[in-house]
Amino acid sequence: MSSTARRASVTLADRSARPRFGCKGPAAEAWLRDLGLEIPVPANSWSCERGDVLVARLATSEFLVESLSPANARIDEIAHSLLDPAQRRTALYPVLRQDRVLELGGARANDLLVETCNVDFRALERGAQAAQGPLVLTSMIGVGVTVIPRRDGPGVTYTIWCDPSFGHYFESTLEAIADELTSPVPLFEEKQE
Amino acid sequence: MKRLGPQAGEWIDRSRPIGFTFEGRRYRGFSGDTLTSALLASGERTLGRSFKYHRRRGALSVANHDVNAVVQVRRVHGSVPNERADTLAIEEGLEAFAVNTQGGLERDGRAWLDRFSAFLPVGFYYKAFHSRRWFPYWERRIRDLAGLGSVDLKAPRRPTAKRYEFADVAVVGAGPSGLAAALAAAEAGADVVLADEHPHLGGSGTYALGSDPAAAQRVAEMKQAAGSHARIRRFTSTAAVGYYADHWLALDAPDRLLKLRARSVVFAQGAYEQPAVFRNNDLPGILLASGAQRLMRRYAVAPASRVAIVTANVHGYRAAIDARAAGIEVTAVLDLRERPGTQSHLLGEMLRAQGVRLLTGAAVYAAQADSKGCVAALELAEWRDGAWHPATSDPIAADGIWMSVGFAPADALLRQAGARLHYDARMNQFLPGALPPGLFACGKTNGIYDFDARLADGARAGAAAARHCGFETHRGHEAVGVPVEPASHPWPIVDHPKAKNFVDFDEDLQVKDLENAIQEGFDSAELMKRYTTVGMGPSQGKHSSLNALRVLARARGLALESLAPTTARPMFHPVPLSHLAGRGFTPERRTPMDGEHERLGAVWMPAGNWRRPEYYRRPDRSREECIAAEVKAVREGVALIDVGTLGKIEAHGAAAGPFLDRVYSGRFDTLKPGMTRYGLMLDESGVIIDDGVIARLAPEVFYFTTTTGNSATIFRELGRLATGWGMAVGLVNLTGQLAAFNLAGPRSRQVLAKLTSLDLADAAFPYLGVREAQVAGVPARLMRVGFVGELGYEIHIPASQGAGVWNAVRTAGAEPGIVPFGVEAQRMLRLEKGHIIVSQDTDGLTNPLEIGAGWAVKMDKPFFTGQRSLAIIAKGARRQQLVGFALEPGPAPAVKECHLVIRQGRIAGRVTSVGRSPTLGRTIGLALVAPAAAKDGVLHIRVDDHAMVHAPVVPTPFYDAAGSRQKSGASGGAA
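Residues numbered from 1 in each chain as written. Chains lettered and ligands numbered in written order. Predicted model: local features only at pLDDT ≥ 70, side-chain atom pairs only at ≥ 80, totals over all residues.

### Some words on the overall build of chain B
A tally of helices and strands in chain B yields 24 helices and 50 strands. Taking the principal axes of its C-alpha atoms as reference, chain B extends roughly 115 × 65 × 60 Å. For chain B, the proportion of its 975 residues judged to be buried stands at 54%. (Helix = DSSP H or I, 4+ residues; strand = E, 2+ residues; numbered from the N terminus. Buried ≥ 20, exposed ≤ 12 C-beta atoms within 10 Å, placed from the backbone.)

In structure tokens form, the structure reads like this:
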């Protein structure tokens, strides 16, 4: 974890180091299934195999596979094989995933999201589950992101993937907003009659 | 004026007195007071000066729209201009000053402008100050005269981050109909946002009740219900200021802008009460009747001691009842109508029985001012022969005139949403017709003013909005009838030979100003608005547009129904600039070697949205010397540049080759695996939009680069083209996922050989070859390209390992003295080779034939984007031509990019790239010029000080024309 900002009500954790790979193409789904991975069926959805490996279907035929543990030899091995030029496969296209990955949580996570993204995550939060659910391909603070809301105990965490070249900007901006949200500067509150 | 006794539901907290100053004088008010209410309660009547003539102005609506009572506010954390006094909550220690005065509100040094108003008619500026020579002077003078506060540049920045909100149903306006709509929608199961510009819910239900306790009780119950409903989120002091497609609403909250996305919207903003137009209708003490009611009910302020009410509806009579209940003497009620409606008649008789003088068919001809410039009396007008005429009766003494002659619906958002409104001649009001899907209106906007009918209409609209979102409810189908007695008079405008009968208080526009504009030909609503600026002030025509249309209709002899009002654009209500600015995001991309560059002393520059090293600092060396040293290192030794900013895309599948053949102007289906080729991408008109190197890694795998600034755009465009052409090609964007750098120079092979087992000999890895191999133990793609005209290798590796391999290469190159080089050295190196930079050496009209890149265009292919256009272009004469030029060594004025090339006194082109080549010892450049200028053999370039530099046209490349250095790594030499 290269950067962790723990706050009372907003948490941001760097999950970039998790083993992961991506693939797409007509043969991608069958190839992943042959590897024994549980594949989510709907477009833009995810599932979590035994709580350890997350498989996300991005649109219809692109997949992101990520270990939820910091080390996973099996995922590393698959990724290595997939990216090896000597093992290119027909209709299966490797997608290098060096993403900056942040995990957003805390009671006021939604306050950060509504300042940075025009997607109604509160609506997704209500239906969030621990093992499967919808994902969102959208833009936050001007950066294309993939977001998965996931039930984590009593709360919901949002895992956010973005292009690594935006990583510094993305993380530092979110951290600054998180700091502001938890600082004494009063936020606008709706008035109660 | 005075503070009244406690009022039911008043907004002030009498237990919390507050001290503040206005124009340097100390005042006291209560928590909950606005500046306007606190000043009026303290006996002040003049709150500001008008924009143009500096006339005294007081309160008008007390409803968030009083743009003549605008103040500069000093607080502990800084000074803020242009706060509206009718919404500005007082706070302890607040210091306020009227804007737009010279020397203070009472002794405004520019009040003389009022006496010269005859010389300042509408259009005066256009006619008097159009001289090019004098315009800057007059502009400064006029801006100075019309100053509206001052910006405190030292004020600390407050966080005003924008925020998104979401709801099933958005209800704009929390008056009786809005409350009813919100409750009906929420009871149907919808998640509701209820927004109102005032600090408390209730709208007109909190003041315009005419002493009706049952209605007041009903409003209080609804406020309580809405205030405690779990599915209703309430945003008070929050004005809806703009509507955008797909039910996006801009809400201006106290500290920020909210962007609300709703599935359906109910517009319940009510109606703006309209002023009567008569001479001196702007004197302090003349208010809209609803404004006076707000002051009495909300702030417990008596706006006058003796009032005359001019009305044309039942609301004026109710205001009279409220005034008497507050202990204010009602000296007369003037009804513009010769025959008041039934409700008005009943209330009128009740007032008459209490001794109030009632006059029908009567209006105000002119208001008279006292010694302090505030209203003191009114002269009567009477309706005869279809027009208003001065009456012979004596003036009526009154220190207040309240106007209740009609309403204009608050329909700006509806119009922005695409609703069509029509003028109803029976109601004398614009009414919405069929609304776009998901939009609903209720209450006064629909011409419904009766209290019970408004509640019914609100409930209908709220239920219908919930049903639109999929919630089941049995309500929402009821039709609510419009009232029998119209609320608006068709002609509340009284002409006066001495004018000063204002239609627009924002811009000091009188009836004659509009008539003169119409006479000059500006005779449509749009033209009249633009010429006179009616409705263009801060209140955006809330109190002026309807009367202006009436003046236009009369002048043209048209019915009002035939005129279309203008639509106020978002934001139709004043919004602080800080709210519009929000937080401000500037996405910036960094390569994986960013930290290494920092350690090496990089001087940063932006390139697209990337930050790149412009050059690397060296001790005691100037910028130019540093860049020259980097160029020298590439030409004579070995150097390293980060090119990770290039777009990096893979195309997979059997269709990848044919796809790239259609995308690029060159031929790639025939490219051999293991080789690369330069490619130009064109648009449909044959204009160059991008270039890059396309590598074939395997028969069905291509890997190619795009320019730094275009990677995201090109990737999106490729996806669009693949879909449109129905080609099964898999596209993968690796731009940020891969690090890339170029190892260049005669000794680059020697350095790279230390890090890879790949055979780097020319025979095994020739020029323009591509290989996949390990570099420093990391899987890499290597391309032998002539990036800077020397033996060189572009090395692409996973981003996470970029910094490690970069450092490994630097370590391996330590003995030959490897150095990093930045963008400026790269530009010079590429310029020496005559390599173009797309969008710098080309513009939005440049085709390949004009830059001598015909070799990269294969017209014999079946198809590529831009082919047909190029075929047509090829048959005609060239419009421009990219040529090289070189100055003789020696001192000469500096030629810069974008300097113009002049031929026979006319612009014949521009310099696109230029610099002093350390390698060649002279200034070289490229220029995009007219073919005739190129043929002349010498370019005449006008430089900064208007001097002319004469630059011989020379062939490109400037350096190593044969390309032997990049092809074999052998020593070439300067051309």
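### Notes on the domain arrangement of chain B
Interface size is often expressed as the accessible area that is lost when the parts come together. Residue and element names in this part refer to chain B. What the domain assignment lists for chain B is domain 1 (2-128), domain 2 (163-272 + 409-468), domain 3 (305-402), domain 4 (594-644 + 736-834), domain 5 (647-734 + 846-871) and domain 6 (877-975). Computed from C-alpha coordinates alone, the two centres of domain 4 and domain 6 are separated by 27 Å. Facing 19 residues of domain 4, the contacting portion of domain 6 comprises 21 residues. Counting residues per element, the ones that place at least two in the side of domain 4 that touches domain 6 are helix H16 (623-636) and helix H21 (823-832). Class assignment of the residues belonging to the side of domain 4 that touches domain 6 gives a composition of 7 nonpolar, 4 polar and 8 charged. (Domains from an automatic or database assignment. Contact = placed C-beta atoms within 7 Å. Nonpolar A, V, L, I, M, F, W, Y, C, P; charged D, E, K, R; others polar.)

### Structural notes on helix H17 (residues 656-663) of chain B
All names here are of chain B. Counting buried residues in H17 gives 6 out of 8 residues, a clear majority hidden from the surface. Residues Ala-656, Gly-657, Phe-659, Leu-660, Asp-661 and Val-663 constitute the buried set of H17. If you follow the buried residues of H17, they end up packed against strand E35 (647-652), strand E36 (676-682), strand E37 (688-698), strand E38 (701-706) and helix H18 (711-725).

### Observations regarding the interface of chain A and chain B
Facing 33 residues of chain A, the contacting portion of chain B comprises 42 residues. At the level of secondary structure, the elements contributing two or more residues to the side of chain A that touches chain B comprise strand E7 (93-95), helix H3 (109-116), helix H4 (121-126) and helix H5 (167-181) of chain A. Residue contributions to the side of chain A that touches chain B peak at 4 residues, all from H5(A). Broken down by class, the residue content of the side of chain A that touches chain B amounts to 14 nonpolar, 8 polar and 11 charged.

### Some details on the confidence of the model for chain B
All names here are of chain B. Chain-level pLDDT for chain B is 94 on average; 98% of the residues reach the 70-or-more range. Here residues 971-975 is a poorly scored stretch, pLDDT under 50, and it has 15 contacts once near neighbours within four places are set aside; other chains count. Confidence estimates for the predicted assembly give a pTM of 0.89 and an ipTM of 0.92. (pLDDT = per-residue confidence, 0-100.)

### What to know about unusual backbone geometry
A cis geometry characterises the amide bond from Pro570(B) onward to Met571(B), with omega recorded as -5°. The topology assignment puts Met571(B) in the loop between helix H13 (545-556) and helix H14 (577-581). In the Ramachandran plot, Ala91(A) falls in the positive-phi region, its phi being about 65° despite a non-glycine side chain. Along the chain, Ala91(A) falls in the loop between helix H2 (73-83) and E7. For His946(B), which is not glycine, the phi dihedral falls at a positive 70°. Positionally, His946(B) belongs in the loop between strand E49 (938-942) and strand E50 (948-954).

### Describing helix H4 (residues 176-187) of chain B
Residues and elements named next belong to chain B. Compared with an ideal rise of 1.5 Å per residue, which puts 12 residues at 16 Å, H4 spans 16 Å between its outermost C-alpha atoms and is within 8% of the ideal. Burial analysis of H4 places 12 of its 12 residues in the buried class, the great majority of the element. Along H4, the residues that are buried comprise Pro-176, Ser-177, Gly-178, Leu-179, Ala-180, Ala-181, Ala-182, Leu-183, Ala-184, Ala-185, Ala-186 and Glu-187. Of the surrounding secondary structure, the elements contacted by the buried residues of H4 are strand E9 (163-172), strand E10 (192-195), helix H5 (213-228), strand E11 (232-235), strand E14 (257-267) and helix H10 (451-468). (Expected span 1.5 Å × (residues − 1).)

### Remarks on the pairing of strand E45 (residues 881-886) of chain B
Residue and element names in this part refer to chain B. With 5 of 6 residues buried, E45 lies mostly within the body of the structure. Across 6 bridges, E45 lies against strand E48 (residues 922-929) in antiparallel orientation. Residue Leu-882 lies in a different strand from E48, and its bridge partner there is Leu-928. In this sheet, E50 lies alongside E45 in antiparallel orientation, the contact comprising 2 bridges. Pairing of Phe-885 across the sheet is with Val-953, part of E50. (Pairing = 2+ DSSP bridges.)

### Focus: the nonpolar core
Formed by 174 residues in total, the largest nonpolar core has its most connected members in Ala185(B), Val266(B), Val364(B) and Ile401(B). Not counting chain neighbours up to four residues away, the residues in contact with Ala185(B) comprise Val169(B), Val171(B), Ala190(B), Val192(B), Gly462(B), Ala463(B), Ala465(B) and Ala466(B). Core analysis: the second largest hydrophobic core is formed by 154 residues, Met140(A), Val143(A), Val914(B) and Phe958(B) among them. (Core = buried A, V, L, I, M, F, W, Y, C linked by C-beta atoms within 7 Å.)

### Notes on the packing of helix H11 (residues 511-519) of chain B against helix H12 (residues 525-532) of chain B
Residues and elements named next belong to chain B. Packing of H11 against H12 brings their axes to within 10 Å, and their N-to-C directions diverge by 120°. Between H11 and H12, the angle falls in the class oblique. Where H11 crosses over H12, the handedness of that crossing is right-handed. Packed against H11, whose contacting residues are Asp-513, Leu-514, Ala-517 and Ile-518, the element H12 presents Met-528, Tyr-531 and Thr-532 at the interface. Of the residues belonging to the contact of H11 with H12, the class tally is 5 nonpolar, 1 polar and 1 charged. (Axes fitted to C-alpha atoms, helices over the stretch in contact; angles between N-to-C directions. Parallel < 35°, antiparallel > 145°, perpendicular 65-115°, else oblique. Left-handed = near helix turned anticlockwise from the far one by under 90°.)

### Examining the pairing of strand E19 (residues 329-335) of chain B
All names here are of chain B. Buried residues dominate E19, accounting for 6 of its 7 residues. This β-α-β element, strand E18 (residues 306-311) to helix H7 (residues 314-325) to E19, shows right-handed connectivity. Here E19 runs beside strand E20 (residues 358-360); their pairing, made up of 3 bridges, is parallel. Bridge pairing links Val-333 to Leu-358 in E20. (Right-handed = clockwise from strand over helix to strand, strands pointing away.)

### With respect to the domain arrangement of chain A
All names here are of chain A. Here chain A is described as being made up of domain 1 (4-15 + 99-181) and domain 2 (20-95). When each unit is reduced to the centre of its C-alpha atoms, the spacing between domain 1 and domain 2 is 22 Å. Of the residues lining the interface, 8 residues belong to domain 1; the matching set on domain 2 comes to 8 residues. Of all the secondary structure elements, the ones that give two or more residues to the side of domain 1 that touches domain 2 are strand E9 (132-134) and strand E11 (143-152). Counting residues per element, the side of domain 1 that touches domain 2 draws most heavily on E9, at 3 residues. Broken down by class, the residue content of the side of domain 1 that touches domain 2 amounts to 5 nonpolar, 3 polar and no charged.

### Some remarks on the sheet that holds strand E44 (residues 819-820) of chain B
Residue and element names in this part refer to chain B. Strand order in this open sheet of 6 strands is E41-E42-E43-E40-E34-E44, and the pairing throughout is mixed. Looking at which strands have only one partner, the edges of the open sheet turn out to be strand E41 (770-775) and E44. Contacting strand E34 (639-642), strand E40 (738-744), E41, strand E42 (778-783) and strand E43 (792-798), helix H20 (residues 802-812) crosses the sheet at an angle of about 15° to E40.

### What about the sheet that holds strand E25 (residues 400-404) of chain B?
Residue and element names in this part refer to chain B. The parallel open sheet is built from 5 strands, whose spatial order is E16-E25-E18-E19-E20. This sheet does not close on itself; its edge strands, each paired only once, are strand E16 (286-288) and E20. Pairs of neighbouring strands in the sheet enclose a mean axial angle of 20°, with direction left out of account.

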